[in-house]
Amino acid sequence: MKNINPNPFTTRPEIDGTFGVVASTHWIATAVGMATLEKGGNAFDAAVATAFTLQVVEPHLNGPGGDVPVMVHDVRKGKVEVICGQGPAPAGASIAHYRALGLDLVPGTGLLAACVPGTFETWMLLLRDYGTMRLADVLAPAIGYARHGHPLVERASATIATVEELFRKNWPSSAAMYLPGGTVPAPGTLFANPTLAATYARILREAESAGGDRIEQIERARARWSRGFVAEAIDRFCRTQDVMDTSGRRHRGVLTADDIARWQPRIEPPVTYDYGRYTVCKGAFWSQGPVMLQQLALLKGFGLDGADPASADFIHTVVECSKLAFADRDTFYGDPDFVEVPGQTLLSDSYNAQRRALVGKDASLEQRPGTIPGYGKRPPIRLAGGERAAIASSGAGEPTVGRMPWTHDEEPRLDVEGAPLERSGAMRGDTVHFDIIDRAGNIVSATPSGGWLQSSPVIPELGFCLGTRAQQFWLEEGHPAALAPGKRPRTTLSPTMALHDGEPYLAWGTPGGDQQDQWTAQFFLRHVHARMNLQEAIDAPAWHSEHFPSSFWPREARPGVLVVEGRLPAETVKALRRRGHIVEVEADWSEGRLTAAARDGGRRRAAANPRGMQGYAAGR
């Protein structure tokens, strides 16, 4: 019988329509975003509703105490903009203070790793300046799911199980929240967070209490968060609680209500790079975003059109270019408000021609940043000790820490996938992401993260914990990403947009920490050079390098290690090993949690990752 469907198999269809599309890392959040569009909201309204819902249904991956970069294209303005929702280090966070505590790294958990929470103010800015709906319209779904419960995903339950002992012994407020009835909630349990529901309901109630239009209500909500009861509760918790962290000691925080009151998100232009007929847009050098652009600048010199993205030649070339780009990230990137970053040079043709010549037929096992006189400083290189379980499954990438260090006579502990944890106690967590395009052509791409349930203890009055993004600072004087009061950490969070022939075309991103701008680059290369549609490009076998230092505690590197999905052809794996790559073969569906949305004339398309069985795209 003749095949009437000529398209290759994909795990789900590429969504195609004319009304609008939403793709996110959780099916409930996608449904909420789509419902917001159906009610007459625009992409920005839908983004805010989606984001608040993700805080509730994926608490092991993000929360109100975290941070977020947002990329937007508003058809009224006709340009791509970046909203920096990355809060800075508190005024009391200095290298001297942390060194005086006997620390050589910012801890990976606890209160010392907290930056100013950035999410709430960012979503209020987006709603106020770009959206059309009232605060109640976008908060209602999140409040409802927090109050009445949502089906707890398997990985959230597994994460709670992994940190059960920590919660019971050291973080009692988290035990009270996440161990209802004294036990780990089973997957599928209707899990509620009534305290968080009460926090958001109080903000909404007090915002509406004096009437006024939607702008006035948004401003009152902002005041309740940044200068009211939320900031006061955070301040009090940081001043009074001695919290166990990954140092193996208890510390109080340095974040204050004044730090929170002084900060606001801001709108910036993106950093861009022209790659053929595409202009790719990323956040500035306070993020790792430009590292994807550097990879493209290096890859531009190789003929990739028609290349097989599952071949050893293709993977070797991309991986070796990523090693060079990430070495520059770790040497030159930092908050441009504090350090001068040679961004123009890093993306220039002449610089990348010199760097491209370093890509040989064999895998490099060295850290090889470029040399730009007067700029940058190499970070200390900490090698991972012994054999370590590779980052795996849908939790891949963004590490947070689930346990304190343990002694060598204890039985090995397991991560959320059943693999041994590192002796450091590091547990691999994750992030969330979504992409939205409405009928008018407005586009949003955002990567919220931080404030995971395993990052620090729940603040009892609020129902959420603080983030740990400050662990991405170095305690090394003179390094561009060194800790300083008021400075933004060089975050790994990295949404992406691209123009095609000058027209807004594509939004995409993924959780994954240091892997984010490896997986986003792979997706883009498959779409552009192998002509895969959005879903094909997400489904295709993926990989990541662990060659360079991790951005997260304990900041270790694994030179030459390349983690690949088991679906890669056996001959590809053998060929990569012959070239000197230290290849670790993981599960067949273990790399990345990408979502994507595209605008092509009047058409709206979207796709979502099947890995982890949570992400979904919807549209019509």
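Before reading further, recall that the structure is shown in the block above.
Calculation criteria
- The numbers attached to residues start from 1 for each chain and follow its sequence in the written order.
- Since the coordinates come from a predicted model, pLDDT governs what is reported: local features require at least 70, and pairs of side-chain atoms require 80 or more to be given and counted, while whole-chain, interface and lining totals use all residues.
- Each side-chain value is worked out from all heavy atoms of the structure, with water and hydrogens disregarded.
- Numbering of helices and strands runs from the N terminus, with a helix taken as a DSSP run of H or I at least four residues long and a strand as a DSSP run of E at least two residues long.
- Categorising residues by exposure relies on relative accessible area from a 1.4 Å probe, with only protein chains included: less than 20% of the type maximum marks a residue as buried, more than 50% marks it as exposed, and the intermediate range marks it as partly exposed.
- Any two residues whose heavy atoms approach within 4.5 Å at even a single point are treated as in contact.
- Any two strands between which DSSP finds at least two bridges are classified as paired.
- Geometry is summarised by axes, namely lines fitted to C-alpha atoms with helices restricted to the contacting stretch, and by angles between N-to-C directions that run from 0 to 180 degrees.
- For this classification, under 35 degrees means roughly parallel, over 145 means roughly antiparallel, 65 to 115 means roughly perpendicular, and everything else is oblique.
- Throughout, a crossing is termed right-handed when the near helix is turned clockwise from the far one, and left-handed when it is turned anticlockwise from it by less than a right angle.
- Residue classes follow a fixed rule: Ala, Val, Leu, Ile, Met, Phe, Trp, Tyr, Cys and Pro count as nonpolar, while Asp, Glu, Lys and Arg count as charged, and any other residue, Gly among them, counts as polar.
- Disulfides are defined in this document as cysteine sulfur pairs within 2.5 Å.
- Whenever two N or O atoms come within 3.5 Å, that pair is a polar contact, provided that in protein one can donate a hydrogen and the other can accept it, and provided that, for residues adjacent in sequence, both atoms are side-chain atoms.
- One speaks of a salt bridge when a side-chain nitrogen belonging to Lys or Arg is within 4 Å of a carboxyl oxygen belonging to Asp or Glu.
- When two rings of Phe, Tyr or Trp (its six-membered ring) have centres within 6.5 Å they constitute a pair, described as stacked for plane angles under 30 degrees, edge-to-face for angles over 60, and tilted for the intermediate range.
- Look at NZ for Lys and CZ for Arg. If either is within 6 Å of the ring centre and within 35 degrees of the ring normal, a charge sits over the ring.

1. A closer look at the environment of P69
Relative to the assigned elements, P69 resides in strand β3 (residues 68-74). Overall, P69 belongs to the buried group, its relative accessible area being 5%. Separated by 17 residues in sequence, P69 and Q86 have C-alpha atoms that sit 6.5 Å apart. In this structure, P69 is in contact with I83, G85, W286, S445, A446, T447, L493, S494 and P495, ignoring residues within four places of it in sequence.

2. A look at the pairing of strand β11 (residues 278-282)
Most of β11 sits inside the fold, with five of its five residues counted as buried. With five bridges connecting them, strand β10 (residues 271-275) and β11 associate as antiparallel partners. Paired with Y275 across the strands is Y278, a residue of β11. The antiparallel pairing of β10 with β11 creates a hairpin that spans two residues between the two strands, and G276 there sits at a positive phi of about 60 degrees. Pairing of β11 with strand β17 (residues 496-500) involves four bridges; the strand directions are antiparallel. Counted as the bridge partner of T279 is L499 from β17.

3. Describing the sheet that holds strand β25 (residues 616-619)
With respect to topology, seven strands assemble into an open sheet ordered β9-β4-β3-β16-β15-β2-β25, the strand pairing being antiparallel. Of all strands in the sheet, those with a lone pairing partner are β9 (266-268) and β25, marking the two edges. The mean angle between the axes of side-by-side strands here comes to 15 degrees, regardless of whether they run parallel or antiparallel. Judged from the four bridges that link them, β3 and strand β16 (residues 443-446) form a sheet pairing that is antiparallel. By the bridge assignment for β16, V72 is matched with V444. Strand contacts of helix α1 (residues 27-38): β2 (21-24), β15 (434-437) and β25, with the helix running at about 160 degrees to β2, the strand carrying the most contacts. Across the sheet, helix α2 (residues 43-57) touches β2, β3, β15 and β16, and the angle it forms with β15 is around 155 degrees.

4. Focus: the sheet that holds strand β22 (residues 582-586)
As summarised here, the arrangement of the three strands in space is β19-β21-β22, forming an open sheet in which the pairing is mixed. Only two strands of the sheet have a single neighbouring strand rather than two, namely β19 (543-545) and β22. Mean inter-strand twist for the sheet, computed between neighbouring axes without regard to direction, equals 20 degrees. Relative to strand β21 (residues 561-565), β19 runs antiparallel, the two being bridged by three bridges. Its bridge partner being in β21, H544 is matched across the sheet by V563. Here helix α19 (residues 570-578) sits on the sheet in contact with β21 and β22, set at roughly 155 degrees to β22.

5. Observations concerning the packing of α1 against α2
When two helices pack together, you describe them by how their axes are tilted relative to each other and by the distance separating the axes. Closest axis-to-axis distance for the α1/α2 pair is 8 Å, and the angle between their directions is 155 degrees. Compared by their axis directions, α1 and α2 come out roughly antiparallel. Of the two elements, α1 crosses α2, and the hand of that crossing is right-handed. Across the interface between the two elements, I28, A29, V32, G33, T36 and L37 from α1 touch A43, D45, A46, A49, T50, T53, L54 and V57 from α2. Looking at the contact of α1 with α2 residue by residue, the classes come out as nine nonpolar, four polar and one charged.

6. A look at the pairing of strand β24 (residues 603-608)
β24 sits mainly inside the fold: five of its six residues count as buried. Direction of pairing for strand β1 (residues 15-17) relative to β24: antiparallel, over a ladder of three bridges. Within β24, the residue paired with I15 across the bridge is A606. Pairing geometry for strand β23 (residues 595-600) and β24, over six bridges, is antiparallel. Looking at β24, one finds that A597 is bridged to A606. In this antiparallel pair of consecutive strands, β23 and β24, the connection spans two residues, and G601 shows a positive phi of 65 degrees.

7. Focus on the state of the cysteines
A complete count under the given rule lists zero disulfides for this structure. Looking at C281, it has no disulfide partner, and the nearest cysteine sulfur is the one in C84, 16 Å off.

8. Structural notes on the side chain of Q522
Along the polypeptide, Q522 turns up in helix α17 (residues 516-529). Exposure remark for Q522: the relative accessible area of 2% places this residue in the buried category. Within the structure, the side chain of Q522 is placed 2.8 Å from the backbone oxygen of W543, a separation counted as a polar contact. Each residue touching Q522, except ones within four places of it in the same chain, is listed here: A542 and W543.

9. As for the pattern of salt bridges
Taken as a whole, this structure holds 45 salt bridges when the rule is applied. Taking the shortest distance from any N to any O, the salt bridge between R99 and E476 comes out at 3.4 Å. With R99 in helix α3 (residues 95-100) and E476 in the loop between β16 and β17, this residue pair connects regions lying 377 residues apart in the sequence. In this structure R99 comes out as partly exposed when scored by relative accessible area, which is 35%. With a shortest N-O distance of 3.0 Å, E268 and R488 are connected by a salt bridge. Of this pair, E268 sits in strand β9 while R488 is found in the loop between β16 and β17, placing the two residues 220 residues apart along the sequence. Take E268 and R488: they sit in the same class, and that class is buried.

10. Regarding the environment of P610
Within the secondary structure, P610 is located in the loop between β24 and β25. Sequence separation of P610 and G592 is 18 residues, and the distance between their C-alpha atoms is 9.6 Å. In contact with P610, not counting residues within four places along its chain, are T11, R12, Q535, I538, D539 and W589.

11. Remarks on unusual backbone geometry
Residue P554 is bonded to the preceding W553 through a cis peptide linkage, with omega at 5 degrees. Mapped onto the fold, P554 is located in the loop between β19 and β20 (556-557). We note that R531 has phi near 60 degrees; this positive angle belongs to a residue other than glycine. You can see R531 is positioned in the loop between α17 and α18 (534-539). Of note in this structure, R555 is not a glycine but carries a positive phi near 60 degrees. As for its placement among the helices and strands, R555 is situated in the loop between β19 and β20.

12. Quick word on the packing of aromatic side chains
Describing an aromatic ring pair means giving the distance of the ring centres and the angle of the ring planes. The final tally for this structure, using the stated rule, is 18 aromatic pairs. Measuring from centroid to centroid gives 5.4 Å for Y278 and F524, while their planes differ by 85 degrees, and the two rings are edge-to-face. Here the residue Y278 occupies a position in strand β11, and F524 occupies one in helix α17, the gap between them amounting to 246 residues. An aromatic cluster is built from Y275, Y278, Y505, W508, F523 and F524, whose rings are joined through pairwise contacts. One cation-aromatic arrangement involves R202 over F229; the distance from NZ or CZ to the ring centre is 3.8 Å. Just above the ring of W474 sits the side chain of R555; from NZ or CZ to the centre is 3.8 Å.

Treat this as a map of the structure, not an account of what it does.
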